[in-house]
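# A structural walkthrough
For reference, the chains in residue letters:
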Amino acid sequence: MTAQEQRLVCYDDELKIEAHQFNGIMQKFPNHFHEYYVIGFIESGKRHLTCKNKEYIIDAGDLVLFNPFDNHACQQADDKTLDWRSININENIMEETVRQITGIGYLPKFTTTAAYHSESVLLLRELHQMIMEQRKDFKKEEVFFFLIEQLIKEYTEPVKESLSEVSEEIQKSCTYIENHYGELITLDDLSELSGLNKYTLLRNFTRQRGVTPYQYLEAIRISEAKKLLENGIDPLEAAMKTGFTDQSHFTKFFKRLIGLTPRQYRDIFKESKG
């Protein structure tokens, strides 16, 4: 991290969402996914983004929307640094929010990854600032509901079309990984479980999920490690409990995906609870 870099994360206990703020970074993020929604925008800088095999150039004022499990990667597209703001919303929080807005509890699916110069950025910027400032009045909640309502109207498909594109065989492999991420998992295990030979499994899994089975496993491990760190667990213990036998690999991989080290991430929650 250079002297000019700043990486901040704030967890809002009332909304139960995270707000991320990166200033002055040049970090390249490899192909990965998150188990939660990411709604963000670029404050300054230009990035080359790939998401589900499509490419975008995103710039200041552009809105970025990731559904859970949308595989994506990005890197700087110019010689300037990136200023980035985003909020992360877990599926259960999104479902309940959508229920209150529409009367139907479901998980919306964003059909737009990059919305150029979106008016929704104004609401998102306002909400992000209030979270980072740890505002306690209910205006923050108002803005949150209005933002999600606007995003649903403009950037999601109808509920009836929100169908899974993952086959039963691949879903079995995903479920197994999600339930056994802390153990040694082999390609033989996944092949036998799915009834597919190894190559067919790799090809179908990567096509349907956008990441390889091992990338999926590592992302699940990172997601579970985040939950442990949020509860104050030591990074070494979090690494061991989630299947990372090498702490240095855990730390390096965590920072590549999350943008902070495990210890930095844990300390954010220690401070918010302290």
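Let us look at the structure shown here. (Residues numbered from 1 in each chain as written. Predicted model: local features only at pLDDT ≥ 70, side-chain atom pairs only at ≥ 80, totals over all residues. Heavy atoms only, no water.)

### Considerations on the packing of helix H4 (residues 168-180) against helix H6 (residues 198-209)
Rules: All axes are obtained by fitting lines to C-alpha atoms, using only the stretch in contact for helices, and the reported angles, taken between N-to-C directions, cover 0 to 180 degrees. Going along the chain from the N terminus, every DSSP run of H or I of four or more residues is numbered as a helix, and every run of E of two or more is numbered as a strand. These descriptions rest on fixed angle ranges, namely under 35 degrees for roughly parallel, over 145 for roughly antiparallel, 65 to 115 for roughly perpendicular, and the rest for oblique. Contacts: residue pairs with any heavy atoms within 4.5 Å of one another. Charged means Asp, Glu, Lys or Arg here, nonpolar means Ala, Val, Leu, Ile, Met, Phe, Trp, Tyr, Cys or Pro, and polar covers whatever is left, Gly included.
Where H4 meets H6, the closest approach of the two axes is 10 Å, and the angle between their N-to-C directions is 85°. Comparing their axes, H6 and H4 come out roughly perpendicular. Listed contacts from H6 to Ile170, Gln171, Ser173, Cys174 and Ile177 of H4 are Leu201, Asn204, Phe205, Gln208 and Arg209. A per-class count over the contact of H4 with H6 returns 5 nonpolar, 4 polar and 1 charged.

### Concerning the pattern of salt bridges
Put simply, the rule reads: When a carboxyl oxygen of Asp or Glu lies within 4 Å of a side-chain nitrogen of Lys or Arg, that pair is called a salt bridge. The cut-offs for exposure are 20% and 50% of the maximum accessible area for each residue type, with area from a 1.4 Å probe on protein chains only; residues under the lower value are buried, those over the upper are exposed, and the others partly exposed.
A full pass over the atoms with the stated rule returns 18 salt bridges. A salt bridge links glutamate 96 to arginine 99, with the shortest nitrogen-to-oxygen separation between them at 3.2 Å. Of this pair, glutamate 96 and arginine 99 both sit in helix H1 (residues 91-102), 3 residues apart, which is roughly one turn of the helix. Residue glutamate 96 is classed as partly exposed on the basis of its relative accessible area of 36%. Using a relative accessible area of 39% as the deciding quantity, one classes arginine 99 as partly exposed. Between aspartate 234 and arginine 263 there is a salt bridge, with the nearest N and O atoms lying 3.9 Å from each other. Of this pair, aspartate 234 sits in the loop between helix H7 (213-230) and helix H8 (235-241) while arginine 263 sits in helix H10 (residues 262-273), and the two are 29 residues apart along the sequence. Owing to a relative accessible area of 39%, arginine 263 belongs among the partly exposed residues under this scheme. Among the charged side chains, a salt-bridge network with shared partners connects Asp234, Arg263, Arg266 and Asp267.

### Here's the deal with the nonpolar core
Here is the rule: We call a set of buried residues a nonpolar core when its members are Ala, Val, Leu, Ile, Met, Phe, Trp, Tyr or Cys and they connect through side-chain atoms within 4.5 Å of each other.
Formed by 32 residues in total, the largest nonpolar core has its most connected members in Ile222 and Ile258. In terms of residues, this core owes the most to one element, helix H9 (residues 247-258), which gives 5 residues. Judged by nonpolar contacts, the second largest core, of 30 residues, contains Cys10, Ile87, Leu123 and Leu147.

### Description of empty space enclosed by the protein
In plain terms, the rule: Each cavity reported here is a set of points on a 1 Å grid over the protein atoms alone in which a 1.4 Å probe fits but cannot get out, each pocket an open set with protein on both sides within 12 Å along at least five of seven lines, and each lining residue one with an atom within 4 Å of a point. Grid points are joined across faces, edges and corners, and a volume is the space filled by probe spheres set on the points.
Taken as a whole and assessed by the stated rule, the structure comprises 2 cavities of 30 Å³ or more. Considering only enclosed or pocket space, the largest cavity measures out at about 360 Å³ in volume. The set of elements that each furnish at least two residues to the lining of the largest cavity consists of strand E2 (17-25), strand E3 (29-32), strand E4 (37-44), strand E5 (47-51), strand E7 (63-66), strand E8 (72-76), strand E9 (82-89) and H9. Examining the composition of the lining of the largest cavity, we find that 4 residues originate from one element, E9, more than from any other. Taken together, the residues of the lining of the largest cavity sort by class into 16 nonpolar, 6 polar and 1 charged. For the second largest cavity, the calculated volume is near 60 Å³. Surrounding the second largest cavity, Phe33, His34, Glu35, Tyr36, Ala219, Ile222, Ser223, Lys226, Leu257 and Ile258 form its lining. Within the residue set of the lining of the second largest cavity, elements represented by two or more residues are H7 and H9. At 4 residues, the largest contribution of residues to the lining of the second largest cavity is made by H7. Broken down by class, the residue content of the lining of the second largest cavity amounts to 6 nonpolar, 2 polar and 2 charged.

Read these as spatial facts, not as claims about activity.
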